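Chains, contacts and geometry: an overview
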Amino acid sequence: INNDPVLLYSIQIFTHENYEYLKNYRLNLVNGNESIFFPNDLFISIFNSNLGTEYFLLYKNFESRNAAHEYCKQYVYFIEKCIIVNVQNLE
């Protein structure tokens, strides 16, 4: 898996060290009976460090941290705390 170079800032929904687990988690979000998610709005990115690999499930793509933060304040009710990820820094 490679990080999409088009992704700039995104909202972190979930992280996990197992890619298959995260992929299934994403599928469950999209295919749920009352899902609010469109498949094109969910991304999986990877972060490699000396501690290991962590996979991020991210929601939407924003041009800036401020735009993502404003979106969080207005629309994001499905996560407890809105964490904005600079995806370009994951590499």
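Structure shown above.
Note that the coordinates shown come from a computational prediction; the quantities given were computed from them, not determined experimentally.

**Regarding the packing of aromatic side chains**
- Taken as a whole, this structure holds 10 aromatic pairs when the rule is applied.
- Each ring, one from Tyr 59 and one from Phe 78, has its centre 5.3 Å from the other, and the planes form 90 degrees; the classification is edge-to-face. One end of the pair, Tyr 59, is in strand β3 (residues 52-62); the other, Phe 78, is in the loop between α2 (65-75) and β4 (83-86), with 19 residues separating them in the sequence.
- On the accessibility criterion, Phe 78 (24% relative accessible area) is partly exposed.
- The rings of Phe 37, Tyr 59, Phe 62, Tyr 71, Tyr 75, Tyr 77 and Phe 78 are connected pair by pair, giving a single aromatic cluster.

**Quick look at the pairing of β3**
- Bridging between strand β1 (residues 9-16) and β3 involves six bridges; their strand directions are antiparallel. Pairing of Phe 14 across the sheet is with Leu 57, part of β3.
- Where strand β2 (residues 42-49) meets β3, eight bridges bridge the pair, whose relative direction is antiparallel. Bridging from a neighbouring strand, Asn 48 pairs with Thr 53 of β3.
- The antiparallel hairpin formed by β2 and β3 contains two residues in its connecting segment.

**As for the pattern of salt bridges**
- According to the stated counting rule, one finds three salt bridges in the structure shown.
- Between Glu 20 and Lys 23 there is a salt bridge, with the nearest N and O atoms lying 3.5 Å from each other. Highlighted residues: Glu 20 and Lys 23, both in helix α1 (residues 19-31), separated by three residues, approximately one helical turn.
- Classification of Glu 20 by relative accessible area gives partly exposed; the value is 42%.
- Here Glu 70 ties to Lys 73 by a salt bridge, and the two come within 3.0 Å at their closest N and O atoms. Residue Glu 70 and its partner Lys 73 are both found in helix α2; the two are separated by three residues, about one turn of the helix.
- Residue class for Glu 70 comes out partly exposed when judged on its relative accessible area of 36%.
- With relative accessibility at 55%, the residue Lys 73 sits in the exposed group.

The rules we used
- Within each chain, residues carry numbers counting from 1 in the order of the written sequence.
- Local features are withheld for residues below a pLDDT of 70 in this predicted model, meaning they are given only at 70 or higher, and side-chain atom pairs are given and counted only at 80 or more; totals for whole chains, interfaces and linings count all residues.
- Note that water and hydrogens are dropped before the side-chain values are worked out from all heavy atoms of the structure.
- Each Phe, Tyr or Trp ring, with Trp reduced to its six-membered ring, pairs with another whose centre is within 6.5 Å; inter-plane angles below 30 degrees give stacked pairs, above 60 give edge-to-face pairs, and intermediate values give tilted ones.
- Strands here mean DSSP runs of E at least two residues long; helices mean DSSP runs of H or I at least four residues long; both are numbered from the N terminus.
- Using a 1.4 Å probe on the protein chains alone, a residue whose accessible area is under 20% of its type maximum counts as buried, one over 50% counts as exposed, and one in between counts as partly exposed.
- Here the rule is simple: two strands pair whenever DSSP picks up at least two bridges between them.
- Between Lys or Arg on one side and Asp or Glu on the other, a salt bridge is scored when a side-chain nitrogen of the former is within 4 Å of a carboxyl oxygen of the latter.

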